Amino acid sequence: PPPSPPPAPPPSSPDPPHPPNPPAPPPFSPSPPAPPPLKPGGLTGDPHLHFAHGGEADFRGEDGAIYAMLHHAGLAVNALFEACAFLLEHGGLKVRGTFVTDVFFRLLTEATNKSVRVEFTPNMP
């Protein structure tokens, strides 16, 4: 008998279905409003601290104490506090507070890595 023909190949399977195209992203919403500009920080009176983002605080130091007011890479600002009693203009209320009388700056130079110190003593001649 003649040899039998080779078996037929199995029917080819259809291509797998392609996933549907992803949906388009939603349109961009408007940008959030810009933050308010920074205000300069500072210190006034007996003392009232004013922060860059609008915050405020009162601070009462110890008489004759030096406090670190700012410390950042290469910069330190310290302040000497002195006690003082005074009367408020309106109402005559007596306040026992403290005031900054001297400020000390220490800067580290970038080029030479040397320290520069500056003392600001406005009550001295």
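Conventions we followed
- Along each chain, residues carry numbers from 1 onward, in the same order as the chain's sequence is written.
- In keeping with the predicted nature of the model, local features appear solely for residues at pLDDT of at least 70, side-chain atom pairs appear and are counted solely at 80 or more, and the whole-chain, interface and lining totals rest on all residues.
- Side-chain measures were taken over the full set of non-hydrogen atoms in the model, leaving aside hydrogen atoms and water.
- Note on pairing: DSSP must find at least two bridges between two strands before they are called paired.
- Helix numbering and strand numbering both begin at the N terminus, where a helix is a DSSP run of H or I of at least 4 residues and a strand a DSSP run of E of at least 2.
- Every axis corresponds to a line fitted to the C-alpha atoms, with the helix fit spanning only the stretch in contact, and the corresponding angles, defined between N-to-C directions, vary from 0 to 180 degrees.
- Burial status follows relative accessibility: with a 1.4 Å probe on protein chains alone, a residue under 20% of its type maximum counts as buried, one over 50% as exposed, and anything between as partly exposed.
- Under the rule applied, a polar contact is a pair of N or O atoms within 3.5 Å (in protein, one hydrogen donor and one hydrogen acceptor; residues adjacent in sequence only if both atoms are side-chain atoms).
- For the charge count, each Lys or Arg is scored as positive and each Asp or Glu as negative, with His and the chain ends excluded.
- Each reported salt bridge corresponds to a side-chain nitrogen of Lys or Arg within 4 Å of a carboxyl oxygen of Asp or Glu.
- Contact definition: two residues touch when any of their heavy atoms are within 4.5 Å.

### Description of the sheet that holds strand S1 (residues 42-44)
Then, in step 1: Across the sheet, 3 strands lie side by side as S1-S2-S3; this open sheet has antiparallel pairing. Across the chains shown, the open sheet's two edge strands, defined by having one partner strand only, are S1 and strand S3 (56-58). Taking the axes of each pair of neighbouring strands and ignoring which way they run, one obtains an average angle of 20° across the sheet.
Then, in step 2: Relative to S3, strand S2 (residues 48-50) runs antiparallel, the two being bridged by 3 bridges. In the strand pairing of S3, histidine 48 is matched with aspartate 58.

### Thoughts on the pairing of strand S6 (residues 94-108)
Within a regular strand, the side chains alternate between the two sheet faces.
Then, in step 1: Relative to S6, strand S5 (residues 75-87) runs antiparallel, the two sharing 13 bridges. Along S6, the bridge assignment pairs leucine 80 with aspartate 102.
Then, in step 2: Between S5 and S6, which pair antiparallel one after the other, the connecting turn spans 6 residues, and glycine 91 there sits at a positive phi close to 100°.
Then, in step 3: Two strands pair when backbone bridges link them, and S6 and strand S7 (residues 115-120) are joined in this way by 6 bridges, in the antiparallel orientation. Paired with valine 103 across the strands is phenylalanine 120, a residue of S7.
Then, in step 4: Where S6 folds back onto S7 in an antiparallel hairpin, the turn is made up of 6 residues, including asparagine 113, whose phi is positive at roughly 60°.

### Looking at the sheet that holds S5
Then, in step 1: Judged by pairing direction, the sheet is antiparallel, and its 4 strands sit side by side in the order S4-S5-S6-S7 without closing on themselves. Looking along the sheet, the strands with just one partner apiece sit at the ends: strand S4 (66-72) and S7. Taken over all neighbouring pairs, the strand axes of this sheet differ in orientation by 25° on average, direction set aside.

### As for the side chain of threonine 98
Then, in step 1: Turning to its location among the elements, threonine 98 is positioned in strand S6.
Then, in step 2: Here threonine 98 falls in the buried class, since its relative accessible area comes to 0%.
Then, in step 3: Among the polar contacts made by the side chain of threonine 98, one reaches the main-chain amide nitrogen of glycine 61 at a distance of 3.0 Å.

### Comments concerning the side chain of aspartate 46
Then, in step 1: Note on placement: aspartate 46 falls in the loop between S1 and S2.
Then, in step 2: Although aspartate 46 is buried, it forms no salt bridge, and the closest oppositely charged side chain is arginine 60 at an N-O distance of 7.5 Å.
Then, in step 3: Non-local contacts of aspartate 46, meaning those with residues more than four positions away in its chain, are made with Phe59, Phe86, Val95, Gly97, Thr98 and Phe99.

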